[in-house]
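Survey of secondary and tertiary structure
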Amino acid sequence: MNLDPLSLPVRERYLLLISTILPRPIAWVSTVSPDGVPNLAPFSFFTGIAANPMSVCFAPVNDRTGKKKDTLVNVEKTRQFVVNLANEDNAALMNQTSAAYPYGVSEFETAGVTPLPSLKVKPPRVKETLVSLECELIQVVTLAEGALGGNLVIGKVVHFHCDDSVWKDGKIRHQDLKNIGRMEGAWYARTTDAFELPRPEL
């Protein structure tokens, strides 16, 4: 099968991406509006970028009408956000915050998620997660306007939070984090079936 993306409707291109780029780690992103209302939403187009500067990115895609996600609106206005990592224990809460609540409604309240004060940014972090990354915006790259238009949010990590239960001898193990990944449709994956493959030395 050979496919030209330009010959496909945008929705079918999206479905191809989410059904083949697997599993995708989940950035559970908290922001605040200029009026101070907290927002919380998950994004699975997410990854780390570099250690210098320590940076991450996630991609909030416009909805089917071309409207920007609330998270993107807040990041563009305040230039701050927190990436909280989704795991097996907070999966149900994370999923609840993916609902299409109106702008100005706090998903922390509606989903029953506990906010904790951040140290260097205004958006709160999530108590129910094991790792949170406080970030300041470096750049938003808008790839396209309109329906399902892509936006890449790049942020510098200005503070790193890790629960003491998973910080052992200066290291964090995936077995303790129990992070989850997004698959196609409503499917998710665990990190329990992992294998080790040391890099070859020349």
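It should be noted that the structure appears before, not after, this text.
This report concerns the structure included in the present document. Everything numeric here is computed off the predicted structure, so don't read it as measured data.

Let us look at the nonpolar core. Formed by 21 residues in total, the largest nonpolar core has its most connected members in Val56, Phe58, Phe81 and Val83. Breaking this core down by element, the ones donating at least two residues are strand S2 (27-32), strand S3 (38-43), strand S5 (54-58), helix H2 (70-78), strand S6 (80-85), strand S9 (131-142) and strand S10 (151-162). The element best represented in this core is S9, accounting for four residues. Those residues in contact with Val56 that sit more than four places away from it in its chain are Phe46, Thr47, Gly48, Ile49, Phe81, Val83, Leu133, Cys135, Val153, Ile154, Gly155 and Val157.

Our focus in this paragraph is the sheet that holds strand S11 (residues 180-182). Across the sheet, which stays open at both edges, the three strands sit in the order S1-S11-S12 with antiparallel pairing between neighbours. Strands with a single pairing partner mark the edges of an open sheet, and in this sheet they are strand S1 (24-25) and strand S12 (188-190). Here two bridges tie S1 to S11, and the two strands are oriented antiparallel to one another. Across the sheet, the residue bridging to Arg24 is Arg182, located in S11.

Another aspect to go through is a nonpolar patch on the surface. Where nonpolar side chains cluster on the molecular surface, the patch consists of Met54, Phe160, Trp167 and Ile172 and spans about 360 Å² of accessible area. Its place among the elements puts Trp167 in the loop between S10 and helix H5 (174-177).

Before going further, it helps to spend a moment on H2. Burial in H2 covers these residues: Asp70, Thr71, Leu72, Val73, Asn74 and Val75. Check the buried side of H2 and you find it contacts S2, S3, S5, S6, S9 and S10. Positioned one or two residues after H2, Arg79 has a phi angle of 65 degrees, which is positive.

About the criteria used
- Residues numbered from 1 in each chain as written.
- Predicted model: local features only at pLDDT ≥ 70, side-chain atom pairs only at ≥ 80, totals over all residues.
- Heavy atoms only, no water.
- Core = buried A, V, L, I, M, F, W, Y, C linked by side-chain atoms within 4.5 Å.
- Buried < 20%, exposed > 50% of the residue type's maximum accessible area, 1.4 Å probe, protein only.
- Helix = DSSP H or I, 4+ residues; strand = E, 2+ residues; numbered from the N terminus.
- Contact = heavy atoms within 4.5 Å.
- Pairing = 2+ DSSP bridges.
- Patch = residues over 30% accessible without salt bridge, like charges linked within 9 Å, V, L, I, M, F, W, Y side chains within 5 Å.
- Areas by Shrake-Rupley, 256 points an atom, 1.4 Å probe, with all protein chains shown as cover.
- Salt bridge = Lys/Arg side-chain N within 4 Å of Asp/Glu carboxyl O.

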